[in-house]
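Structural features, examined
Listed here are the chains, written in short residue letters.
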Amino acid sequence: MPLTHLLLALSVVAVWGTNFVVIRWGLDGLPPFLFATLRFALSALPWLLFVPRPTAPWSRLAAFGVLLGVGQFGLLFLAIDGRIAPGLSSLVVQTQVFFTIGLSMWLLRERVKPWQVAGLLLAVGGLSIIGSHLDATVTAAGVGLVLGAAFFWACANLVVKSLGPVNMLHFMVWSSAFAVPPLLLISLLTEGPQAIGHALQQAGPGVWASVLWQALGNTLFGYGVWNWLLARHPAATVTPMALLVPIFGMGASALALGEGLPGWKLLACGLVLAGLAVSVLWPRLLAFTSRNG
């Protein structure tokens, strides 16, 4: 991978990791489901007027939009809204890798590999450490909500897996439109019209910048550049770099929000990342060693 492409990949990972801090800033002015509604509304509009519909069935667009919008980001925003620290949530949500493996085994009859079991056990060890250190910044509800977000992210992954080749930037724009109605309905029912109106009236430039960053930086730039790289390099070269997301997430939360990094949190991070690395990189290592004797 040329240096310029490597820097592009790192920029995407940095955006995705530091995005958890941006979520925290946005939630200081907007209730979680309203924030998610605005995020997906601006991911769809006005881009729908310029981006052609991808070669994907309407049912897949709708399923992905609802799973990602309501399931992943709705629950994630709700969790970060006072139930779990943003940096730690960037780590826990990566368990979507193991949910994706499990759902693929169940629905697609894929066989589990020994290294996937080993990776899962390492990650469970890390999550167990997190579960044993619940406090005001890490609640059981927060961990549960982020695990739920990871599960719905995995479900969304299976929708994409069923598509075949598709322009993911176009897919993200069009599927985002389907996330807006259910998110808005949930916001109206749980947060109420009065709270919504008050939040919109009081939202300052920083809050709107957080919303725009969610839509433009995290979605359009992130997915657009990531898939541009995937079109030019082997997936085995690009995808492992996503393991750096929790590093950026926890580092940015420590610097920007003062989120502590005690020893137990670093140990949990190490175990979860080790589990993810084994699950993602072990097949590549075996292939490399077999080629080079």
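For clarity, every value in this text was computed on a predicted model and none was experimentally measured. (Residues numbered from 1 in each chain as written. Predicted model: local features only at pLDDT ≥ 70, side-chain atom pairs only at ≥ 80, totals over all residues. Heavy atoms only, no water.)

1. So, the packing of helix 3 (residues 58-80) against helix 7 (residues 140-161)
Between helix 3 and helix 7, whose axes approach to 8 Å, the crossing angle comes to 165°. The angle between helix 3 and helix 7 falls in the class roughly antiparallel. Between helix 3 and helix 7 the crossing geometry is left-handed. Contact residues: Arg 60, Ala 63, Phe 64, Leu 67, Leu 68, Gly 71, Gln 72, Leu 75, Leu 76, Leu 78 and Ala 79 in helix 3; Gly 142, Leu 145, Val 146, Gly 148, Ala 149, Phe 152, Trp 153, Cys 155, Ala 156, Val 159 and Val 160 in helix 7. Here the residues of the contact of helix 3 with helix 7 sort into 17 nonpolar, four polar and one charged. (Axes fitted to C-alpha atoms, helices over the stretch in contact; angles between N-to-C directions. Helix = DSSP H or I, 4+ residues; strand = E, 2+ residues; numbered from the N terminus. Parallel < 35°, antiparallel > 145°, perpendicular 65-115°, else oblique. Left-handed = near helix turned anticlockwise from the far one by under 90°. Contact = heavy atoms within 4.5 Å. Nonpolar A, V, L, I, M, F, W, Y, C, P; charged D, E, K, R; others polar.)

2. Brief notes about the environment of Ala 118
Inspection of the secondary structure puts Ala 118 in helix 6 (residues 114-131). Separated by 157 residues in the primary sequence, Ala 118 and Gly 275 place their C-alpha atoms 7.1 Å from one another.

3. Focus: the packing of aromatic side chains
Two measures describe an aromatic ring pair: the distance that separates the ring centres and the angle between the ring planes. Counted by the stated rule, this structure contains eight aromatic pairs. Pairing Trp 58 with Trp 174 gives two aromatic rings, centres 6.0 Å apart and planes at 65°, and the pair type is edge-to-face. Taken together, the residues Trp 58 in helix 3 and Trp 174 in helix 8 (residues 168-190) connect sequence positions 116 residues apart. Overall, the relative accessible area of 46% leaves Trp 58 in the partly exposed class. Between Phe 151 and Phe 152, the ring centres sit 5.5 Å apart and the planes meet at 70°, which makes this aromatic pair edge-to-face. Through pairs of rings, three or more aromatic residues link up here, namely Phe 35, Phe 40, Phe 73 and Phe 77. A cation over an aromatic ring shows up here: Arg 53 above the ring of Trp 58, its NZ or CZ 4.4 Å from the ring centre. (Phe/Tyr/Trp six-rings, centres within 6.5 Å; stacked < 30°, edge-to-face > 60°. Buried < 20%, exposed > 50% of the residue type's maximum accessible area, 1.4 Å probe, protein only. Lys NZ or Arg CZ within 6 Å of the ring centre and 35° of its normal.)

4. A word on the nonpolar core
Ranked by internal contacts, the top residues of the largest apolar core, which has 83 residues, are Leu 30, Leu 68, Leu 76, Leu 88, Leu 91, Ile 130 and Phe 171. Broken down by element, the residue count for this core peaks at 12 residues, all from helix 3. (Core = buried A, V, L, I, M, F, W, Y, C linked by side-chain atoms within 4.5 Å.)

5. As for helix 6
Helix length check: helix 6, at 18 residues, gives a terminal C-alpha distance of 26 Å against a target of 26 Å (1.5 Å per residue), a fit within 8%. Those residues of helix 6 lying buried are Trp 115, Gln 116, Gly 119, Ala 123, Gly 126, Ile 129 and Ile 130. Taken down its axis, helix 6 places every buried residue within 145° of arc, on the same side. Exposed residues pointing more than 90 degrees away from the buried face of helix 6 are listed as Pro 114 and Leu 121. (Expected span 1.5 Å × (residues − 1). Arc of directions from axis to C-beta.)

6. Structural notes on the environment of Val 225
Mapped onto the secondary structure, Val 225 falls in helix 10 (residues 205-230). Separated by 19 residues in sequence, Val 225 and Leu 244 have C-alpha atoms that sit 16 Å apart. When near neighbours in sequence (up to four residues on either side) are disregarded, Val 225 contacts Leu 8 and Val 12.

7. Some details on the pattern of salt bridges
Opposite charge on two side chains makes pairing possible when the charged atoms of those side chains draw close. For the structure shown, the criterion picks out two salt bridges. Between Asp 28 and Arg 24 there is a salt bridge whose closest N-O contact spans 3.0 Å. For Lys 265, the salt bridge goes to Glu 259, with nearest N and O atoms at 3.3 Å. By relative accessible area, which is 4% here, Lys 265 ends up buried. Classification of Glu 259 by relative accessible area gives buried; the value is 11%. (Salt bridge = Lys/Arg side-chain N within 4 Å of Asp/Glu carboxyl O.)

8. A look at the environment of Thr 55
Among the secondary structure elements, Thr 55 is positioned in the loop between helix 2 (32-44) and helix 3. Excluding anything up to four places from it in sequence, Thr 55 contacts Pro 165 and Val 166.

9. Quick notes on the side chain of His 5
Note on placement: His 5 falls in helix 1 (residues 3-27). Residues in contact with His 5, not counting those within four places in the same chain, are Trp 228, Leu 229 and His 233.

10. Structural notes on a nonpolar patch on the surface
Together, Met 105, Val 112, Val 117 and Leu 121 make up an exposed nonpolar region whose accessible area comes to about 320 Å². Mapped onto the elements, Met 105 comes out in helix 5 (residues 96-107). A relative accessible area of 32% places Met 105 in the partly exposed class. (Patch = residues over 30% accessible without salt bridge, like charges linked within 9 Å, V, L, I, M, F, W, Y side chains within 5 Å. Areas by Shrake-Rupley, 256 points an atom, 1.4 Å probe, with all protein chains shown as cover.)

11. A closer look at helix 8
For helix 8, with 23 residues, the first-to-last C-alpha span of 32 Å sits near the 33 Å given by 1.5 Å per residue. Considering bend angle alone, the principal kink of helix 8 is centred on Ala 179 and spans about 25°; proline Pro 181 follows within four residues of it. Two or three places before Leu 169, at the start of helix 8, stands the capping residue Asn 167, its side-chain oxygen 3.1 Å from that residue's backbone nitrogen. Trailing helix 8 by a residue or two, Gly 192 shows a phi angle of about 85°, which is positive. (Bend = angle between axes of the 7 residues up to and from the residue. Polar contact = N/O pair within 3.5 Å; in protein donor to acceptor, adjacent residues only side chain to side chain.)

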